[in-house]
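Coordinate inspection notes
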Amino acid sequence: MSGHSKWSTIKRKKGAEDAKRGKVFTRLARDITLAARESGGDENSNAKLKLAIAKAKASNMPKENIERAIKRGTGELDGGQLEEITYEGYGPEGVAIIIEVLTDNRNRSLADIKYVFNRGGGSLASAGSVLWQFEQKGFFVLDAEGLDFEEVFMVAAEAGADDVIEEEGRIIIYTPKDRYAAVDQALIAANYTADEAELRWEPQNEVDIPQDKAVQNLRIIEQLEELDDVQSVSSNLLITDKIAAAFEAG
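The notes below deal with the structure included here. (Residues numbered from 1 in each chain as written. Predicted model: local features only at pLDDT ≥ 70, side-chain atom pairs only at ≥ 80, totals over all residues. Heavy atoms only, no water.)

Moving on: the sheet that holds strand β4 (residues 134–143). With antiparallel pairing, four strands are arranged side by side in an open sheet as β5-β6-β4-β7. Whereas interior strands pair on both sides, the edge strands pair on one side only; in this sheet they are β5 (163–167) and β7 (196–203). Each adjacent strand pair in this sheet contributes to an overall mean axis angle of 30°, direction not counted. One ladder, built from five bridges, connects β5 with strand β6 (residues 170–176); its direction is antiparallel. Across the sheet, residue D163 finds its bridge partner in β6, namely Y174. Helix-sheet contacts for helix α6 (residues 149–159) involve β4, β5 and β6, and the interaxial angle to β5 is about 155°. (Pairing = 2+ DSSP bridges. Helix = DSSP H or I, 4+ residues; strand = E, 2+ residues; numbered from the N terminus. Axes fitted to C-alpha atoms, helices over the stretch in contact; angles between N-to-C directions. Contact = heavy atoms within 4.5 Å.)

Below is the structure:
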């Protein structure tokens, strides 16, 4: 898990830059629309929507933008049919990469992703050639301040979580895919608010490659994440402290 934790740290440091580029509102709106489409437009009965709205408000997204995104999701407003698509690819040295996309134009998304891979020395892969190396798991992050770790642990474990850890002021909960919803509901019932909650792809094994090639892969991952339609990027790259420092140094 350490490699993913380090990559999460890198992404947090990039957050301010992403916001300056004006792309954050597009992603937040899509998250809200998707959540509303899946489980309705009432945030009090839709935990995923509530979290998406909270993130939008934290980024100072205008109220009218939030309301418009909800209406698109519930079908009250036209705005193009959104599709969820999973793409697979390889970076340099055969690093496996999964890209999850939410788009109203799959041709545009595919062209953008191909361009990033080609420019970075990677390539798109056929469906299924990468996914077998990963397992989809639930992932929750709570701010540990003011919380009793043992109490959170018990709530999550009783609902089916398979790992709960405390790290750098955060409580991180991992769940099997089929227990994600149960843990989500248990946290809500216990009045715990997650800062992050998602299903994500975890590699069964991480690959250790030379530092220069690792940084090259991180550049590809960074550029993929900056695409408007991309919701998440996962890889089986082992990210050490040394590699993370080299990447941040540019």
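Scanning all chains against the criterion turns up three aromatic pairs. When the ring of F140 is compared with that of Y180, the centres are 5.0 Å apart and the planes differ by 20°; the resulting orientation is stacked. Here Y180 lies in helix α7 (residues 180–189) and F140 lies in strand β4, a separation of 40 residues in the sequence. Ring plane angle 45° and centroid distance 6.1 Å describe the contact between F149 and F153, whose orientation is recorded as tilted. Placement of the pair is F149 and F153 together in helix α6, with a separation of four residues, close to one helical turn. The class of F153 is partly exposed, set by a relative accessible area of 31%. (Phe/Tyr/Trp six-rings, centres within 6.5 Å; stacked < 30°, edge-to-face > 60°. Buried < 20%, exposed > 50% of the residue type's maximum accessible area, 1.4 Å probe, protein only.)

In terms of burial, β6 is largely enclosed, as six of its seven residues are buried. Hairpin connection of β5 to β6: two residues between the antiparallel strands, including E168 at a positive phi of 50°.

Bridge analysis of strand β1 (residues 83–90) against strand β2 (residues 96–103) gives eight bridges, and the strand direction is antiparallel. By the bridge assignment, E84 is partnered in β2 with L102. Taken together, β1 and the strand that follows it, β2, pair antiparallel across an intervening segment of five residues, in which E93 is found at a positive phi of about 65°. With three bridges connecting them, β1 and strand β3 (residues 123–125) associate as antiparallel partners.

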